[in-house]
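# Structural features, examined
Read off the chains here:
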Amino acid sequence: MSAVVLCLDVGFSMGRSPPGVESSFDLAKQLVTMFVQRQVFAESKDHVALVLFGTEDTNNALATGEQYQNITVHRHLQLPDFDLLEEIHFKIKTSIMEADILDALVVCMDLLQRESVGRKNERMHIAVFTDLSSPFSSDQLDVIISNLKQASISLQFFLPFPLHHDESKEPGNGPSGDRQRHLFHGKEITPQQKEGIHMVQKVMMAVDEDGMDDVYTFRDSMEHLSIFKKIERKPMAWPWHLTIGSGLCIRIVAYKAVTMEPLKKSWATVDAKTLSKEDIRREVVYCLNDDDETEISSDEIIQGYCYGSDIVPFSKVDQEQMKYKHDGKCFAVLGFTKSSQIMRHHFMGTQALKVFAAKGDEHAAVALSALIHALEEMDMVAIVRYAYDRRANPQVGAAFPCIKDKYECLIYVQLPFVEDLRQFAFASLRNNKQHIPTEEQLSAVDSLIDSMNLVQDEDDEVEDIFKVSKIPNPQFQRLFQCLQHKAFYPDDLLPPMPPHLLSMTERPREVTTNCQAHLEAVKKQFSLQDAGKKKDQKTGHELFRDVRNEEPSTKKTRQGDDETEAFSLANISEGDITKVGSVDPAKDFQMLLKQKAANFQEVSQQLQNRIHEQLGMKGLQYYEKGIKCIVVFRRAAVERAEVQCFNRFLQSLKEQVQGGPLKEFWDMIVQENISLISSDEAAESCITPEESKQFLEYKKMPEETAAAAADGGDVEDLFDMM
């Protein structure tokens, strides 16, 4: 845990700037806001304080007489929160006063030392944001430097202009003085700022030899602080034993080295007006799917596993007995294998564990070190059975040796079971001469890969210019940005995606520049050509028909385009269809009718039975499947002159479902305009077009029939009547 004091200059000079240019105060306030919001969203345990100098009032513990005036402790050391962010954003303004920057530094040091008593702070730090325009007294500068060293307080300065230094030169003399004449808001820095630069140089060099590395400009710091800090996680140890057989047991401790970080589930349902969780109460009620929606208690409910169209019931006792039972925590070596046998694409799971010897156990450290070095020398890995605890399902994974300069350990990665693997067989491209690339094509692709190399090797130093482990998750960054905006402006629309978030996962600029010419060369080598119109596929009947026994073309039955199916291995693999099934009854019905020995009456009766089964399910998806079956049935009846068969079925169906529990299904039939087949559609029909139209109109049910349906009518009873 650290203690940090943010020291912000709010004096008169900080607010001055030419028209259209952000003032130093605006930039400094943005930096302070970014720092605090990073701490808030990272759920950091660091305590933060805010000290303002140049205020019109004075509020600090050292203020006496004329000493330490115009310095205000705005916030004492405590965890940062949204209240502090709102105060910085809305309340902190510039004033017409000025204050001594060294006095402000002393107030910050005093605040850190007084409020850190009794706390175990690993680090104390002060960050100063100023333009160095306010006059100061350097009489006590050496004492301040001495106290900074004695208290081990680190220091950072954030300035509106870059700071160069030359230890052998005084400000304003020689080439160093020339370099210090920077432009500040289009003007050279003032003599007062030059004096401030000299003071900053002396303090930072005295505190640390590399102290000048901790002096930053506002603009450069924006790029780093614009990225929200990652959420801090305290490493949690998993202590147990590594076992090899029954005779060797090594005390170990494992830590998560890599794991998928989930978004914290902090969302809550609140009242839209009061924004209070207490004003909302959630109640879960279970009801039967009947007309009265009869409420039942949770004790009358059990879990059921959907096995096809059947439901297999499982009580709580069954669920408990069904769980995979094992002995609990486990890290047992099952054997060893060559590392080449473990495929890289078989790594799975959401984490990688680093396994160390238990702290303070020398025997365990020696034994584990011997195992690690033996695996490394023999190029082998350990196959391990791992279980986190008694409640977790066991895993099988590989433990790789890892030897570094400062430590050595095993790295455990989960491996897949057979159900986790996806097997695909693809034909080799080399078997087709048309797919073998030429030397020119291979050379073009090689050059493209070289030009897009993300690793730069210069002077025996390897630099990764796109290090994925350093890229923050854009989803987290966008969420934090939106949360902060909503906290400040609850009624405004969310801001657009900032450019730096969009560029996180883009190709680096230098790589894009280098590969342009090579991309054009690849495009030229692999030109796209129009393959022309694809020939129509022939059906199996057309491929294997016997021309000798074929009837004249005039006698062939002409089928619609929608009945013709392309010859494919998928249709062959389905096998012979012998009856109308429950998965896709409409398709089975069509396929059966295509068979020569098909009996329309028998096949249509099977389809009608399947339609009744769908209605028994009482669900929209089943109703839709039933509608599809009726449409196919009607079309086939017209084509095969079996009009009466369909009309009798539809009339019977209407009597059963209209006005009863299945009224919703009949509404769907009316909506789809599925009526009786009239004489206009088929000459065999004795139904006039007017009768077909009137058929879909509702008829008022007799009171006795309606009452019977309301009291105990059920689709099962209707099926029995049929």
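The coordinates are above.
By convention here, each chain's residues receive numbers from 1 onward along its written sequence. Confidence filtering applies because this is a predicted model: local features only for residues at pLDDT of at least 70, side-chain atom pairs given and counted only at 80 or more, and all residues used for totals across whole chains, interfaces and linings. Hydrogens and water molecules were not included; the side-chain quantities draw on all heavy atoms of the structure.

### Concerning the pairing of strand β14 (residues 310-314)
Counted only if it meets this: Whether a residue is buried, partly exposed or exposed follows from its accessible area with a 1.4 Å probe, protein chains only, as a fraction of its type maximum: under 20%, in between, or over 50%, in that order. Each helix corresponds to a stretch of at least 4 residues labelled H or I by DSSP, and each strand to a stretch of at least 2 residues labelled E; elements are numbered beginning at the N terminus. In this description, strands pair whenever DSSP reports at least two bridges between them.
Burial of β14 is sparse: only 0 of the 5 residues sit out of reach of the surface. Direction of pairing for strand β13 (residues 303-307) relative to β14: antiparallel, over a ladder of 5 bridges. Bridge pairing in β14 links Gly-304 to Pro-313. The antiparallel hairpin formed by β13 and β14 contains 2 residues in its connecting segment, where Gly-308 sits at a positive phi of about 70 degrees.

### Examining unusual backbone geometry
With phi around 55 degrees, Ser-152 is a residue other than glycine that occupies positive phi space. Here Ser-152 shows up in the loop between α4 (141-150) and β5 (153-159). Residue classification places Ser-152 among the exposed positions, given a relative accessible area of 57%. A positive phi is found at Asp-379, a non-glycine position, where the angle reads about 55 degrees.

### Looking at the nonpolar core
So the rule is basically this: In this text, buried Ala, Val, Leu, Ile, Met, Phe, Trp, Tyr and Cys residues form a nonpolar core when linked through side-chain atoms within 4.5 Å. Throughout, a residue-residue contact means that at least one pair of heavy atoms, one from each residue, lies within 4.5 Å.
In this structure, Ile-101, Ile-126 and Leu-155 are the most contacted members of the largest nonpolar core, which totals 45 residues. Of all elements in the fold, only β1 (2-9), β2 (47-53), β3 (71-78), α3 (101-115), β4 (123-129), α4, β5 and α6 (191-207) reach the threshold of two or more residues within this core. In contact with Leu-155, other than residues within four places in its own chain, are Leu-105, His-125, Ile-126, Val-128, Leu-148, Val-203, Met-204 and Asp-214.

### Some points on the packing of helix α16 (residues 585-594) against helix α18 (residues 620-639)
Which entries qualify depends on this criterion: The convention used is that axes are lines fitted to C-alpha atoms, helices contributing only their stretch in contact, and that angles between N-to-C directions extend from 0 to 180 degrees. For this classification, under 35 degrees means roughly parallel, over 145 means roughly antiparallel, 65 to 115 means roughly perpendicular, and everything else is oblique. By definition, turning the near helix anticlockwise from the far helix through less than a right angle yields a left-handed crossing, and turning it clockwise yields a right-handed one.
Running from N to C, α16 and α18 point in directions that differ by 20 degrees, and their axes come no closer than 8 Å. The angle between the axes of α16 and α18 places the two elements in the roughly parallel class. Judged by the twist between their axes, the crossing of α16 over α18 is right-handed. Seen from α16, the contacting residues are Pro-585, Ala-586, Phe-589, Gln-590 and Leu-593; seen from α18, they are Lys-625, Lys-628, Cys-629, Val-632, Phe-633, Arg-635 and Ala-636.

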